[in-house]
Amino acid sequence: MNNGIMVLVEHLKDAIADITFEMLGIGRKIADSLNVPLFAVVIGKDINKHLPELGIADSILVVEDEKLEMSCPVTIADIIKSIFDNKGLSIVILGCTNTTAGVGPILSSKLKLPFLNFCKNMRIEGDSLIITNQLFGGKILSDVKLEGKRGIISINPGSFPADAGKASKVAPVEEIDLSGIGIKNYFKKYIEPEAGDVDITKESILISIGRGIENADNIGLAEDLVGLIGGAISASRPVIDQGWLPLNRQVGKSGMTVKPKLYFALGISGAPEHVEGMKDSELIVAINKDPAAPIFNVAHYGVCGDLLEIMPVLTDKLKEKKS
Ligand SMILES: Cc1cc2nc3c(=O)[nH]c(=O)nc-3n(C[C@H](O)[C@H](O)[C@H](O)COP(=O)(O)OP(=O)(O)OC[C@H]3O[C@@H](n4cnc5c(N)ncnc54)[C@H](O)[C@@H]3O)c2cc1C
């Protein structure tokens, strides 16, 4: 059957996440090309207030329960499977985010359909639906033809314009009865990470270091720059995992989302999980010795070279200017 496309609406802390509008925008485009309806599926507690924002869909399906305040992958997959089968859908669009990570693979095994992760583009070519996926931390792009135009696709945040998923229309709402599904697993509470000594989400300048900094002693190079231009030091995940900086300094999917005026990326490759957390920075300057590093795709200014050589020169020049 090919009766439609569904988008799983993401919402956290009383707001709809931007990824939802990205998904609705591209979902609308593909649904129109295939001439099938687009469903926005909202799962949660107290979700009615979100519905007016989802008017670009042809229909909004609401699944509401106390226990669904946060998403639990197995439960969400069960709910989506039930909707998918009942409506005879063909495509599920999910966000490749912390909120719904885990749903795609479970759903794939339940529906016996392919799961395409890290999608950054979707297009119709002739009679085929082609999905472009980012592999190996964004270094390889692969085009996959979705067999029978049926499958589960998880979208990398920042891949599509969010504005394309917004409309001032009102879509009909249908409540989905949960009685046949049952909620076996659910989250009990949401625990906010502590900001600690520095809240990197509030800083207007971030000097961010990646694995290219090589060892903890070299963090002094970034500290010298902070001493001159202000701001704070943040980092990619490997730096945190090594224990060189505390967890509250991590930028990215499993860290913080930051939007400073200036973001220095020193020895950071630009994997999608990192870029997700810093792509909206006003000015991004990257130093990396690999000219093909994906960070250069989001940087406004890029320096291809060894940061261990460039940083001392940069700080000397800034000192000169200051004096
Ligand atoms: C579920 C999940 C969640 C994740 N969450 C996050 C997250 O929140 N944040 C995050 O950052 N990552 C996250 N990751 C990990 C992510 O996939 C990457 O592995 C990570 O971002 C890579 O960090 P990096 O760029 O510092 O290291 P690498 O990918 O190893 O890149 C190091 C870069 O430094 C450059 N380099 C090396 N030496 C020098 C030098 N002397 N001068 C200049 N350049 C140099 C290299 O060319 C390379 O590009 C997550 C992964 C998963 C699966």
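Refer to the structure printed above.
J.: Is there a simple way to explain the layout of surface pockets in this structure?
T.: To find the voids left in a structure, one rolls a probe of water-molecule size over its atoms. The calculated volume of the largest pocket comes to roughly 1400 Å³. Lining the largest pocket are 44 residues; nearest its centre among them are Leu 12, Thr 99, Lys 253, Gly 255 and Thr 257. When residues of the lining of the largest pocket are assigned to their parent elements, the largest contribution, three residues, is made by helix α1 (residues 18-34). Per-class residue counts for the lining of the largest pocket are 19 nonpolar, 12 polar and 13 charged. Approximately 500 Å³ is the volume attributed to the second largest pocket. Lining the second largest pocket are 26 residues; nearest its centre among them are Arg 211, Ser 236, Pro 238, Ile 268 and Ser 269. Those elements that provide at least two residues to the lining of the second largest pocket are α5 (237-241), α6 (272-275), β15 (283-288) and α8 (307-322). The leading source of residues in the lining of the second largest pocket is α5, at three residues. Of the residues contributing to the lining of the second largest pocket, the split by class is seven nonpolar, 11 polar and eight charged.

J.: Even after reading the chapter, I still don't get the nonpolar core, so can you show me in this structure?
T.: Within soluble globular proteins, side chains that are nonpolar generally end up buried alongside one another. Ile 5, Leu 24, Leu 54, Ile 93, Met 122, Ile 153 and Ile 155 are the most contacted members of the largest nonpolar core, which totals 36 residues. Counting residues per element, this core draws most heavily on α1, which supplies eight residues. Excluding its chain neighbours within four sequence positions, the residues that come into contact with Leu 24 are Val 7, Leu 38, Ala 40, Leu 54, Ile 56 and Gly 165. By size, the runner-up hydrophobic cluster in this structure holds 26 residues, among which are Met 6, Ile 79, Ile 80 and Val 92.

Rules used throughout
Residues numbered from 1 in each chain as written. Predicted model: local features only at pLDDT ≥ 70, side-chain atom pairs only at ≥ 80, totals over all residues. Heavy atoms only, no water. 1 Å grid on protein atoms, 1.4 Å probe; cavity = no way out; pocket = protein on both sides within 12 Å on 5 of 7 lines; lining within 4 Å. Points joined across faces, edges and corners; volume = space filled by probe spheres on them. Helix = DSSP H or I, 4+ residues; strand = E, 2+ residues; numbered from the N terminus. Nonpolar A, V, L, I, M, F, W, Y, C, P; charged D, E, K, R; others polar. Core = buried A, V, L, I, M, F, W, Y, C linked by side-chain atoms within 4.5 Å. Buried < 20%, exposed > 50% of the residue type's maximum accessible area, 1.4 Å probe, protein only. Contact = heavy atoms within 4.5 Å.

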